[in-house]
Amino acid sequence: MSKASCYHCGLPIPDDVDLPVVINDERRAMCCNGCQAVAQSIVDNGLADYYRSRDALPESPREAMPAILDQLAMFDHADFQKSFVKALGEHEREASLLLEGITCAACIWLNEQHVGKLPGVTAVDINYATRRARVRWDESRIKLSDILGAIAAIGYRAYPYDASRNEELAKKERREALWRLWVAGFGMMQVMMYAYPVYIADGDMTPDIESLMRWASLLLTLPVVFYSSAPFFRHAWRDIKLRRVGMDVPVALGVGAAFIASCWATFVAGGEVYFDSVTMFVFFLLGGRYLEMTARQKAVSVTEALAKLLPAFAQKLINFPVDRSTEQRVVADLHVGDHVLVRAGDIVPADGRVVEGISAADESLLTGESKPVTKKPGDLVTGGSVNTESPLVVRVEHVGEGTRLSAIIQLMERAAAEKPRIVEMADRVASYFVAALLVVAALVAVGWYLYDPSQALWITVSVLVVTCPCALSLATPIALTVSAGALARDGLLVTRGHAIETLARATHFVFDKTGTLTAGRMHLIDVDPLAARSREDYLALAAALEQASEHPVASALRAAATRELPVADQILSEPGQGIEGVVDGCRYRIGRPDYVLQLSQAKLPASAASVLDSGDTVVVLGDASGCLAVFRIGDEVRPESKRLIAELQAAGRHVVLLTGDAPGVAARVGRELGIADIRAGVTPQGKHACVTELQTAGAVVAMVGDGVNDAPVLAQAQVSVAMGGGAQLARTQSDFVLLSENLNHLRHGLLRGQKTLRVIHQNLWWSFAYNFVALPLAITGHVTPWLAGIGMSASSLLVVLNSLRIQRLETD
C-alpha cells in the first residue's frame, strides 16, 4: 500500500520512499528521485507558480526518462538535424519541435520558463494550438539533446516537428473525444428508454417496477459519469486544489450532485432521480466541445496542409545540361544552384526558376488562386505548387527555411501564438462569471432549503448547469479561428492575432500605388537622352545602378537593357528618393529629379520637365554635370482595384492614395479609380507622418503596401496588409499578407472580417442574453435539470454553429 500520491506526477509513493520538496512554503512528497529533482529545479528557478496554474499532471520521469534518454544522443548528429534544424549564425541554431503531453496553458508556461533558463538557450516559443515549439540555442554552450532531456525531465516529450505526427496526435484527441461522446449518447438513449415509461405512467407504475427502472438507469449512467464525464471531474478537482475557479467546476458540481442525489433516491426508493438529465447534459456538453475542437483543428489544419505540401524526394539532374540523367535525392539535401526535374503531376520541391520547358502550376493552396499559372523559362516557381501539364527543369534558388512556403507557415504560427484583446476580455469576464455563479448557487441552495427543502437540490443543480459560461468562453476564439482558416484558404494570410477584428473596424484605408493599386509590372515606354551618349548607353548605366533593387521601376529598367551591364559599386540607396553609385570612376544618381540634381545643383531641362506631366512614372539619370537622361515608365492599374475602392467608399470608408510618385502619375491613377484624397511625392518618413496625423484625428487606419519599402508606415497603422509577392514575404511585419496579390481577395477578406465581427457580437449577445434569462428562471424553479442541460449545451452548440457560418461567404 502507498501512503500518498506524488505531488509532482500523481503516482503512488512507495512505502519506503521519503523525498520531500518544499513548494510554496509547504512540504510536498515525491515518488522518486526524478520527480524530486524536477520539482526542486522548478522551485529553484522561481517557477513554483506552475503548481498553482496547471490543470493536468505531467508524465512521471520515473516511467519516461530511461526510455527517452537512450534516444536523445542521435539528435546531436548533423545529418539527423537537416530536416528540422537551421543555422542562424556560426553557433546559433533553431529547431522546430513537436511537444507531447501539453494539456493546458500552464504546461506552455512551464516549458517556456524552464527551457528558456537553460544556459545557452536564447529563445523558446510554443504554440498552444499546434503544440509546436521553436527553440534557439548556442551550439557551443548547450547541445540539442540536453534541451530535449530538460524537457523530458519535467514530464514532457519533444520530437522533430513532423506534420504527419501532429496529425496523428490530433486524430488521437478526436478519437478519444468521440468515444466519450458515443458512450454518453448511448447511455442517454438507454436511460431515456427507462425514464420515459415512468414519466408517462404519472404515478400509476408499481413501486417494484419503478425501482427496477431506477436501478437500470443507475447502471447505464455509471459509464457516462465515470468515463465520459471524467475530464470534467479531474479538471474541477485540480482547480479546487489550486484554489482556482474554472468552467469545469460548476459542471462537475452539477453532474456530481445530481448523480449522487439520484443514487441516494434509488437506494432508499424515494425522492426524485435525474439520471436522464445527467446523461443528456453530459452528451450535449461533450457534443458542443467536440464541434469546437473540430473547428479549431480544421482551422489549424490549413497550416498542417501547407507543412505537408513539400515532397520528401526530388529528381535531381546530376550534370545538367550536359547529362540529363536524374538521381532521387532527399529534398533536405538540395542546395541553391541544383537543377531538378519536375514531371507533370509532381510537386515542385523548392523555390526556383524555370530554365527549360513550358507548363502550368497549381498554386491554389499557397495563394488561393484556383486557376493554374503558366510557367515558362525565366519564371519563378514556388515550392509546394503542383506542375500540372508538362515536365519542367527548375534551378533551385531557395531551400529549407528560406522558401516562400516556410515563410507562410511561420507567419501563420505567429498569428496563432497571439491572443487578441477581445479574447482576453472574454476570458476575464467568463472567470468572474463562474465565481459569481458559485456564490449565487450557494445562496439559492440556502434559500430554497429554508423555503422548501424538497426542491433545493434540483433547483441548485439547475442553476449550476444552466448558467455555465461555456458559450461565453467560446464566443470569440472559435469565430476568430474559423475566420483565420477561411481567409488563409482565400489567399489572405492572417499573421497577427488582432488583425481580423481591427480590419473590420477600420475607418480609413490608405493605399500605396506601385505594386498595390497597380500591377507593378512596369515597362519602359521611352528614353530621352539629354547628353552626348546613346540611348543604350544610358539604359545600361541605369540598369547597372538598379541591379540589386527589388522596386518595379528597377525591374523595368533591367528588362529593357539589351547590352552587357557595366559594374556599379559603392551603391547607396535612399528610400523613396533613388540610388547613387559609381560606374567606371564616375558617380551617378538615378531616381526622383530633385534627388538626382542635388549631385550637380543644376536645373532640370525644359524638355525633361514637360515629361513629368505625362502621367507616367518618370526617373532621371544624372551625374556631377547635370541631367543625362529621362526614363518614362508605365504601369497598369489592377483591374480589380476600381471595384475595391468603390465598395470601400460606398461603405463609408475614407480612401487615401499615398505614394512617392510624382503628382501627375498619382493624379492619373486617382482619377481612374475615383480617389479624391491623393498625396503624392511623399517620402517614407512623410507616409509615416501622414498615417500618424490620421490616427491623431481618431481614424482607425488600414495601410496596404508592398511590405518592405513601406515597412515603417505598415508598422504604424493599426492594421496593415502587405502584398505577398517576392522574397520579402519572410521579412514582412504586416498583419495580413495578400499571397495571391489579387485585390478581390482583399475585398472578400474585408467582407469576411466584417461578418466575423458580426458573428462575435451575435455570440456575445446570445451568451449574455441566455444567461440573464435562464438564471432567474432556474432560481425560481422553472427550469428542471434535464432542461438546464439542454439549454446550456444548446447555447454552446449555437455559438459554434453560428461561428461556422463564417466559412460561407457569398461573393462574385
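Source: prediction; values computed, not measured.

1. Comments concerning the overall build of the protein
Then step 1. When helices and strands are counted, the protein shows 29 helices and 29 strands.
Then step 2. Among the 812 residues that make up the protein, the fraction classed as buried is 51%.
Then step 3. Sequence-distant contacts, at least 24 apart, represent 67% of the contacts inside the protein between residues at least 6 apart.
Then step 4. Split by element, the accessible area of the protein, about 36,000 Å² in all, is 57% carbon and sulfur.

2. Structural notes on the sheet that holds strand β10 (residues 339-342)
Then step 1. Strand order across the open sheet formed by six strands is β9-β8-β10-β16-β11-β14, with antiparallel pairing between neighbours. Each edge of the sheet is formed by a strand with only one pairing partner; in this case those strands are β9 (323-330) and β14 (380-381).
Then step 2. Across two bridges, strand β11 (residues 351-356) lies against β14 in antiparallel orientation. Residue pairing across strands places R353 opposite L380, the latter belonging to β14.

3. Quick look at the confidence of the model for the protein
Detailed reading of the predicted model is not advised wherever pLDDT is low.
Then step 1. Summing up the model confidence of the protein, the mean pLDDT is 79 and the portion of residues at 70 or higher is 83%.
Then step 2. By mean pLDDT, the top-scoring element of the protein is strand β18 (residues 508-511) (93), and the lowest-scoring one is helix α3 (residues 61-72) (52).

4. Topic: the packing of helix α24 (residues 641-650) against helix α28 (residues 743-779)
Then step 1. It is the contact of α24 with α28, at a shortest axis distance of 8 Å, that shows an interaxial angle of 25 degrees. One finds that α24 runs roughly parallel with respect to α28. Along this stretch, α24 crosses α28, giving a crossing that reads as left-handed. Contacts from S641, R643, L644, E647 and L648 in α24 reach L743, L746, R747 and L750 in α28.
Then step 2. Here the contact of α24 with α28 is composed, by residue class, of five nonpolar, one polar and three charged.

5. A look at a nonpolar patch on the surface
Then step 1. Taken together, the side chains of W179, W182, F186, M189 and Y227 present a nonpolar region at the surface, about 570 Å² in accessible area.
Then step 2. Among the elements that make up the nonpolar patch, the one with the highest residue count is helix α7 (residues 163-201) (four residues).
Then step 3. Relative to the helices and strands, Y227 is located in helix α8 (residues 207-228).
Then step 4. Accessibility expressed as a relative area gives 31% for Y227, which makes it partly exposed.

6. Side note on the environment of V704
Then step 1. Within the element layout of this structure, V704 appears in strand β27 (residues 701-705).
Then step 2. Classification of V704 as buried rests on a relative accessible area of 1%.
Then step 3. For the pair V704 and L657, spaced 47 residues apart in the sequence, the C-alpha separation amounts to 10.0 Å.
Then step 4. Look past the residues within four positions of V704 in its chain and what remains in contact with it is V510, F511, D512, T516, V721, M723 and L746.

7. What to know about the side chain of H339
Then step 1. Relative to the helices and strands, H339 is located in strand β10.
Then step 2. Residues in contact with H339, not counting those within four places in the same chain, are Q315, K316, L317, F320, V355, V393, V394 and R395.

8. Observations regarding helix α15 (residues 453-466)
Then step 1. With 14 residues, α15 should reach 20 Å at 1.5 Å per residue; the first-to-last C-alpha distance of 20 Å fits that figure.
Then step 2. Counting buried positions along α15 gives ten out of 14 residues, so the element sits mostly inside the fold.
Then step 3. Of the residues making up α15, those classed as buried are A456, W458, I459, T460, V461, S462, V463, L464, V465 and V466.

9. Thoughts on the sheet that holds strand β22 (residues 586-591)
Then step 1. Judged by pairing direction, the sheet is antiparallel, and its six strands sit side by side in the order β19-β24-β23-β22-β21-β20 without closing on themselves. Looking at strand neighbours, the two that pair on one side only are β19 (523-529) and β20 (568-574), the edges of this open sheet. Averaged over neighbouring strand pairs, the angle between their axes works out to 20 degrees when direction is ignored.
Then step 2. Two elements, strand β21 (residues 578-583) and β22, share six bridges in a ladder whose sense is antiparallel. Residue pairing across strands places G581 opposite Y588, the latter belonging to β22.

10. A word on the packing of aromatic side chains
Then step 1. Taken as a whole and judged by the stated rule, the model has seven aromatic pairs.
Then step 2. A ring pair is formed by W182 and F186, whose centres lie 5.4 Å apart and whose planes are at 10 degrees; its orientation type is stacked. With W182 and F186 both in helix α7 and four residues apart, the pair spans about one turn of that helix.
Then step 3. Take F186: its relative accessible area is 38%, and that puts it in the partly exposed class.

11. Considering helix α20 (residues 535-545)
Then step 1. Within α20, nine of the eleven residues are buried, which leaves the element mostly enclosed by the surrounding structure.
Then step 2. Within the span of α20, buried status applies to D537, Y538, L539, A540, L541, A542, A543, A544 and L545.

12. Focus: the packing of helix α17 (residues 477-489) against α28
Then step 1. At a closest axis distance of 10 Å, the pairing of α17 and α28 adopts a crossing angle of 165 degrees. Taken together, the axis directions place α17 and α28 in an arrangement best described as roughly antiparallel. Crossing handedness for the pair α17 and α28: right-handed. Contacts between α17 and α28 involve A479, L480, S483, A486 and L487 from the former and G749, R752, T756, V759, I760 and N763 from the latter.
Then step 2. For the contact of α17 with α28, a count of residues per class yields six nonpolar, four polar and one charged.

What counts as what
- As a convention, each chain's residues are numbered from 1 in the sequence order in which they are written.
- Per-residue local features are limited, in this predicted model, to residues with pLDDT of at least 70; the limit for side-chain atom pairs, both in listing and counting, is 80 or more; totals at the level of whole chains, interfaces and linings are taken over all residues.
- The basis for every side-chain value is the complete set of heavy atoms in the structure, and neither hydrogens nor water enter the calculation.
- Here a strand is any run of E in DSSP of at least two residues, a helix any run of H or I of at least four, and the numbering for each starts at the N terminus.
- Think of it in three bands: residues with accessible area under 20% of the maximum for their type are buried, residues over 50% are exposed, and the middle band is partly exposed, with areas taken using a 1.4 Å probe on protein chains only.
- Should any heavy atoms of two residues lie within 4.5 Å, those residues are considered in contact.
- Every accessible area reported is derived by Shrake-Rupley at a probe size of 1.4 Å, with residue values counting cover from the shown protein chains alone.
- Any two strands with at least two DSSP-identified bridges between them are counted as paired.
- The pLDDT score gives, residue by residue, the confidence of the prediction method on a 0 to 100 scale.
- For helices, the fitted line uses only the C-alpha atoms of the stretch in contact; every axis is such a line through C-alpha atoms, and the angle between N-to-C directions lies from 0 to 180 degrees.
- The cut-offs work like this: below 35 degrees is roughly parallel, past 145 is roughly antiparallel, 65 to 115 is roughly perpendicular, and the gaps in between are oblique.
- Two helices crossing with the near one rotated counterclockwise from the far one by less than a right angle form a left-handed crossing, whereas a clockwise rotation gives a right-handed crossing.
- Gly is put with the polar residues, along with every residue not named as nonpolar or charged; the nonpolar set is Ala, Val, Leu, Ile, Met, Phe, Trp, Tyr, Cys and Pro, and the charged set is Asp, Glu, Lys and Arg.
- Nonpolar side chains (Val, Leu, Ile, Met, Phe, Trp, Tyr) within 5 Å and like charges within 9 Å form the patches, drawn only from residues with over 30% relative accessible area and no salt bridge.
- Note on definitions: salt bridges are taken to be side-chain nitrogens of Lys or Arg within 4 Å of carboxyl oxygens of Asp or Glu.
- Each residue after the first adds 1.5 Å to the expected span of a helix.
- The criterion for an aromatic pair is that two Phe, Tyr or Trp rings (for Trp, the six-membered ring) have centres within 6.5 Å, with stacked assigned to planes under 30 degrees apart, edge-to-face to planes over 60 apart and tilted to the rest.

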